Amino acid sequence: MLDQLSQPIVQAPMAGGVSTPALAAAVSNAGGLGFLAAGYRTADAVREQIATTRTLTAEPFGINIFVPDTSTVDGEALATYRERLAAEARRYRVELADPADDDDAWAAKLALVQEEQVPVVSFTFGCPDPTVLTELREAGCTTVVTVTSAGEALTAAAAGADALCVQGTEAGGHRGTFHNTDPVDDTALLPLLRKVSAAVTVPLIAAGGLSGGRDVAAVLVAGARAAQLGTMFLACPEAGTNPVHRASLPGDRPTAVTRAFTGRPARGLVNRFLVEHTAAAPAAYPHIHHLTKVLRQAGDPEAMSLWAGQAHEFARTAPAADVVRDLGAGARAALTETALRWSAG
């Protein structure tokens, strides 16, 4: 599948409304691989998005599914964190939701992508059982598992994943770690690619802080078949990015990894909520995601999860197709320039 792309660009699946059928279709129509995000949506809503996407493109696209988190949660720490956030609820005059646990309709979404024969199905937060990957492959789906370490890569390859998305610590949004425990591997993308490519032979997609054609060229040289970018599509008109989030992207505002918003480590723009609550947030996902939802929806940029990678300032308000073509052209130019430079020497 990756070798069939005319542009080695994958649009990262971004849950929470950012990844839309219009965005996925625009990327796929431009020669890349567009993605929908099944996370936080019902199976019926995902079905509708698949149908809409198919009216916009005849090209392959993907769906990302969250693997249910089975990590043990410290109930006392979670209760303490909820008490801490009571002041935030008073500030925004809202009531905190219950810190619920759920599997994000895992079984229903697996059945859906198999029934719909979605061309590419990727997974985040873990590796599905080998039988799941086999059934999807038999249905005609190419499977991709997100990994953040060589150990996770070995597990996913042994389970039968067709490709791996190698996510460096520079990436915006949630870290795709298999287990929601500390310490979280913070290896940067290029050394992580080296470690993973030394451990497995399956095709690799590189993700994490990529922002331009030269970055794409770098990961292709480092062994990836394609580059995955998310933050660079946040400002595109086809993206469903919250306007407050979109307006926060320009500038050199720092990013940091936090559990404060969802209970899982995720990289976002530093704001008041992140600074004040990161140290206190326990490893409790999706419990904290549900707990803080009303706070994140209050419209205050200082209390929102402004997910962004380390190169967020380079996001452009250009159509997604232009972003894909510019990235591909920039990568080819960089590779040609490097080859000429070396041949001349």
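Scroll up to find the structure.
The rules behind these values
Every residue gets a number counted from 1 within its own chain, in the order that chain's sequence is written. Local features in this predicted model are restricted to residues whose pLDDT is 70 or higher, and side-chain atom pairs enter the listing and the counts only when it is 80 or higher, whereas totals over whole chains, interfaces and linings include all residues. The side-chain quantities take in all heavy atoms of the structure and omit both hydrogens and water. Helix numbers and strand numbers start at the N terminus; a helix is a DSSP run of H or I with at least 4 residues, a strand a run of E with at least 2. Residue contacts are counted whenever heavy atoms from the two residues lie within 4.5 Å of one another. Two aromatic rings from Phe, Tyr or Trp, using only the six-membered ring of Trp, form a pair when their centres are within 6.5 Å; if the ring planes differ by under 30 degrees the pair is stacked, by over 60 it is edge-to-face, and anything between is tilted. The rule for pairing is simple: two strands pair if DSSP sees at least two bridges between them. As a rule, the C-alpha atoms of each element are fitted with a line to give its axis, helices using only the stretch in contact, and angles between N-to-C directions run from 0 to 180 degrees. We call two directions roughly parallel when the angle between them is under 35 degrees, roughly antiparallel when it is over 145, roughly perpendicular when it lies between 65 and 115, and oblique otherwise. Here is the rule for handedness: rotate from the far helix to the near one, and if that takes an anticlockwise turn smaller than a right angle the crossing is left-handed, while a clockwise turn gives right-handed. In this count, Pro and Cys sit with the nonpolar residues alongside Ala, Val, Leu, Ile, Met, Phe, Trp and Tyr, while Asp, Glu, Lys and Arg are called charged and the others, Gly among them, polar. Buried Ala, Val, Leu, Ile, Met, Phe, Trp, Tyr and Cys residues that are joined via side-chain atoms within 4.5 Å together make up what is termed a nonpolar core. Three labels apply to residues, based on accessible area from a 1.4 Å probe with only protein chains included: buried if under 20% of the type maximum, exposed if over 50%, partly exposed otherwise in between.

1. Considering the environment of alanine 303
As for its position among the elements, alanine 303 is in the loop between helix H13 (293-296) and helix H14 (320-344). The spacing of alanine 303 and arginine 272 is 31 residues in sequence and 6.6 Å in space, taken between C-alpha atoms. Those residues within four positions of alanine 303 in sequence are excluded, and the remaining contacts are Tyr92, Phe261, Asn271, Arg272, Phe273, Leu295 and Arg296.

2. Let's talk about the packing of aromatic side chains
A complete count under the given rule lists six aromatic pairs for this structure. The interplanar angle of 40° and the centroid separation of 4.7 Å between the aromatic rings of phenylalanine 66 and phenylalanine 125 together place this pair among those described as tilted. One end of the pair, phenylalanine 66, is in strand S3 (residues 61-66); the other, phenylalanine 125, is in the loop between strand S4 (120-124) and helix H6 (130-138), and 59 residues separate them in sequence. Considering the side-chain rings of phenylalanine 261 and tryptophan 307, the 5.7 Å spacing of their centres and the 90° angle between planes classify their relative orientation as edge-to-face.

3. A short note on the sheet that holds strand S9 (residues 226-229)
Taking strand neighbours across the sheet as the criterion, the eight strands line up as S1-S9-S8-S6-S5-S4-S3-S2 in an open arrangement whose pairing is parallel. Of all the strands in the sheet, the pair left with one neighbour each is strand S1 (9-11) and strand S2 (34-37). In this sheet, adjacent strand axes meet at a mean angle of 25° when their direction is disregarded. Judged from the four bridges that link them, strand S5 (residues 142-147) and strand S6 (residues 163-167) form a sheet pairing that is parallel. The partner of valine 144 across the bridge, within S6, is alanine 163.

4. A word on the sheet that holds strand S7 (residues 173-174)
Pairing between the strands of a sheet comes from backbone hydrogen bonds, and it takes one of two forms, parallel or antiparallel. Taken in spatial order, the three strands of this open sheet run S7-S11-S10, and their pairing is antiparallel. At either end of the open sheet lies a strand with only one pairing partner, and these are S7 and strand S10 (255-258). Across four bridges, S10 lies against strand S11 (residues 266-269) in antiparallel orientation. Directly across from valine 257, in S11, lies its bridge partner arginine 267.

5. Points about the packing of helix H2 (residues 43-56) against helix H5 (residues 106-116)
It is the contact of H2 with H5, at a shortest axis distance of 9 Å, that shows an interaxial angle of 25°. Overall, the two elements H2 and H5 adopt an arrangement that is roughly parallel. The chirality of how H2 crosses H5 is right-handed. Residues Ala43, Val46, Arg47, Ile50 and Arg54 of H2 touch H5, and the partners they reach there are Ala108, Lys109, Leu112, Glu115 and Glu116. Tallied by class, residues from the contact of H2 with H5 come to five nonpolar, no polar and five charged.

6. A word on the nonpolar core
The biggest cluster of nonpolar side chains holds 72 residues, and the ones touching the most others in it are Ile63, Ile65, Phe123, Leu164 and Phe233. Among the elements that make up this core, the one with the highest residue count is H14 (seven residues). Residues within four places of phenylalanine 123 in sequence aside, it is in contact with Asn64, Ile65, Val67, Trp106, Leu110, Pro128, Val132, Leu133, Leu136, Val144, Val145 and Thr146. Ranked by size, the runner-up nonpolar core spans 18 residues in total, among them Tyr81, Phe273, Ile288 and Leu295.

All quantities given are derived from atomic positions and should not be read as evidence of function.
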